[in-house]
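Coordinate analysis (summary)
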Amino acid sequence: MDFALDDTQTEIAALAAKVLGSQDDPWRALASAGLLALALPPELEGDGLGVAEVAQVLTEVGRAAAPVPAYAALALGVLPIESLGTPAQRAEFLPAVAAGDALLTAALHEPSAPLVAEPAATARAGDGKWLVNGVKTAVPYAAGATRILTPVTTAHGSAVYLVDPHADGVTLVPTPTSSGTPEFTVRLDDVAVEETDLLFDRGAVAALHRFALAGALALGDGLLAGALALTVKHIGERTQFGRPLSAFQAVAGQIADVYVAARTVHLAVTSAVWRLASGLDADAELDVAAYWFASQAPEALATCHHLHGGVGVDETYPLHRYSSAVKDLGRTLGGAAHRLGRLGERVAG
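Residues numbered from 1 in each chain as written. Predicted model: local features only at pLDDT ≥ 70, side-chain atom pairs only at ≥ 80, totals over all residues. Heavy atoms only, no water.

1. Details of the nonpolar core
Test applied: For this analysis, a nonpolar core means a set of buried residues of the types Ala, Val, Leu, Ile, Met, Phe, Trp, Tyr and Cys, connected via side-chain atoms within 4.5 Å. Working definition: with a 1.4 Å probe on protein chains only, accessible area under 20% of the residue-type maximum means buried, over 50% means exposed, and in between means partly exposed. In what follows, residue pairs with any heavy atoms lying within 4.5 Å of each other are defined as contacts.
Formed by 97 residues in total, the largest nonpolar core has its most connected members in L30, V61 and F293. The residues contacting L30, other than those within four sequence positions of it, are V19, L20, L35, L36, V57, V61 and V68. Core analysis: the next-biggest nonpolar cluster, separate from the first, contains 19 residues, A123, Y161, L188 and V193 among them.

Here it is as structure tokens:
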């Protein structure tokens, strides 16, 4: 199977890399370049593209370890609303994100339940509106978001509501992250939500999870590639006993292990995103890629730090941005044990 990028995806990746390498505000630069509008429909001045093209942007964000809210805004907001939302919802929320003026995010996790398929959070009808109750954890950029895509359980099954994080009954509790990315526990106490803020698709929770996994994995693919490139450059330039570090057999073996991990993750991620973009069943591939990243990426980044020696723990050197982002992303995926358990359930089922 050929998973090579088409011309459009190649151009998007090159443009994103150029923009992120500039000295301007990278978030505003992405918006000015039109890279936040890729998935918007043409009637909203977008390009009408999809998850494969957005994944290229996220990969380049990861490759640069850029401190921008691209994962939350695009994978957790734009893609699911564009796919599942009504024309009115798209028109209300997406253009401002594409312009870099607003954010969207999603509440995927509950206490001890990452990417929960059957949410403990509930929504019930009351006084002409829906009343949402529950606790969501690890919600990125919740305080700055226009809406939080919030999976809930109703009397008719699961659904996703667009919750205003500043509505009455919403409590935002900041929680720490490795990278410093803003993240919150969100407590919902009879939060009133209009019927127009419901994503009507019956499979909305599963679709949201697919976009979230694809986006996280594309970002992680870039993070691994960027850390590998940084480390290869370092061991090629740093000398000891008159020879570059890369000339030593032990160093060469360790960087080869990082390369193998990065390429294996890349192949798994590319396969999963390709299937999702092609309208095929991508759940198994997403689970495989998520396990490979969660299990291999932290070890690979530890090796990169080791090969950098003391430079690797210097906060003025960029490697810590990659390793801290990988830690946060691994937690977002639920960790290696959780991902392995999901694969086990798939095989047993």
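Text resumes after the structure shown.
2. Let's talk about the pattern of salt bridges
Rule in force here: We define a salt bridge as a side-chain nitrogen of Lys or Arg found within 4 Å of a carboxyl oxygen belonging to Asp or Glu. In DSSP terms, a helix is any run of H or I states spanning at least four residues, a strand is any run of E spanning at least two, and both are numbered starting from the N terminus.
A full pass over the atoms with the stated rule returns 15 salt bridges. Residue E110 is joined to K136 by a salt bridge in which the shortest nitrogen-to-oxygen separation is 2.8 Å. Here K136 lies in strand β3 (residues 129-140) and E110 lies in the loop between β1 (104-106) and β2 (122-126), a separation of 26 residues in the sequence. There is no split in this pair, since E110 and K136 are both buried. E183 is the salt-bridge partner of R331, the closest N and O atoms lying 2.8 Å from each other. Residue R331 is found in helix α9 (residues 319-333), and its partner E183 is found in strand β7 (residues 183-193); the two are separated by 148 residues along the sequence. The partly exposed category is assigned to R331, whose relative accessible area is 36%. Relative accessible area serves as the criterion here: at 10%, E183 is assigned to the buried category. One network of salt bridges, with partners in common, ties together D287, R339, R342 and R346.

3. Some words on the pairing of β7
For clarity, the threshold we go by: When DSSP finds at least two bridges between two strands, those strands are taken to pair.
As paired elements, β3 and β7 share eight bridges and run antiparallel to each other. Considered in β7, the bridge of K136 is made with V186. Pairing between strand β6 (residues 170-174) and β7: five bridges, direction antiparallel. Its bridge partner lying in β7, L172 is registered against V186.

4. Describing the packing of helix α3 (residues 51-64) against helix α6 (residues 204-237)
Between two packed helices, the angle of one axis relative to the other and the distance separating the axes together describe the packing. As a reminder of what qualifies: Comment: axis = line fitted to C-alpha atoms, over the contacting stretch for helices; angle = value between 0 and 180 degrees taken between N-to-C directions. A crossing counts as left-handed when the near helix is turned anticlockwise from the far one by less than a right angle, and as right-handed when that turn is clockwise. Throughout this entry, Asp, Glu, Lys and Arg are counted as charged residues, while Ala, Val, Leu, Ile, Met, Phe, Trp, Tyr, Cys and Pro are counted as nonpolar. The remaining residues, Gly among them, count as polar.
Direction vectors running N to C along α3 and α6 enclose 40 degrees, while the axes themselves pass 7 Å from each other. For α3 against α6, the interelement crossing comes out right-handed. Facing V51, A55, L58, T59, V61, G62 and R63 of α3, the residues of α6 in contact are F211, A214, G215, A218, L219, D221, G222, L223, A225 and G226. Residue composition of the contact of α3 with α6, grouped by class: 10 nonpolar, five polar and two charged.

5. Description of the environment of R275
One can find R275 in helix α7 (residues 249-277). Sequence separation between R275 and A52 is 223 residues, and the spatial gap between their C-alpha atoms is 9.4 Å. What R275 contacts, discounting residues up to four positions off in sequence, is L280, D281, A282 and E285.

6. Remarks on the packing of aromatic side chains
Put simply, the rule is: What counts as a ring pair is set by centres within 6.5 Å for rings of Phe, Tyr and Trp (its six-membered ring), and what kind of pair is set by the plane angle: stacked under 30 degrees, edge-to-face over 60, tilted for all other angles.
For the coordinates displayed, the defined rule picks out two aromatic pairs. With centroids separated by 5.8 Å and ring planes inclined at 45 degrees, the aromatic side chains of W130 and Y161 adopt a geometry described as tilted. Linking W130 in strand β3 with Y161 in strand β5 (residues 157-163), this pair joins segments that are 31 residues apart in sequence. The pair W130 / Y161 is uniform in exposure class, with both members buried. Both rings, one in Y291 and one in W292, keep their centres 6.1 Å apart while their planes meet at 55 degrees; by these two values the pair is tilted.

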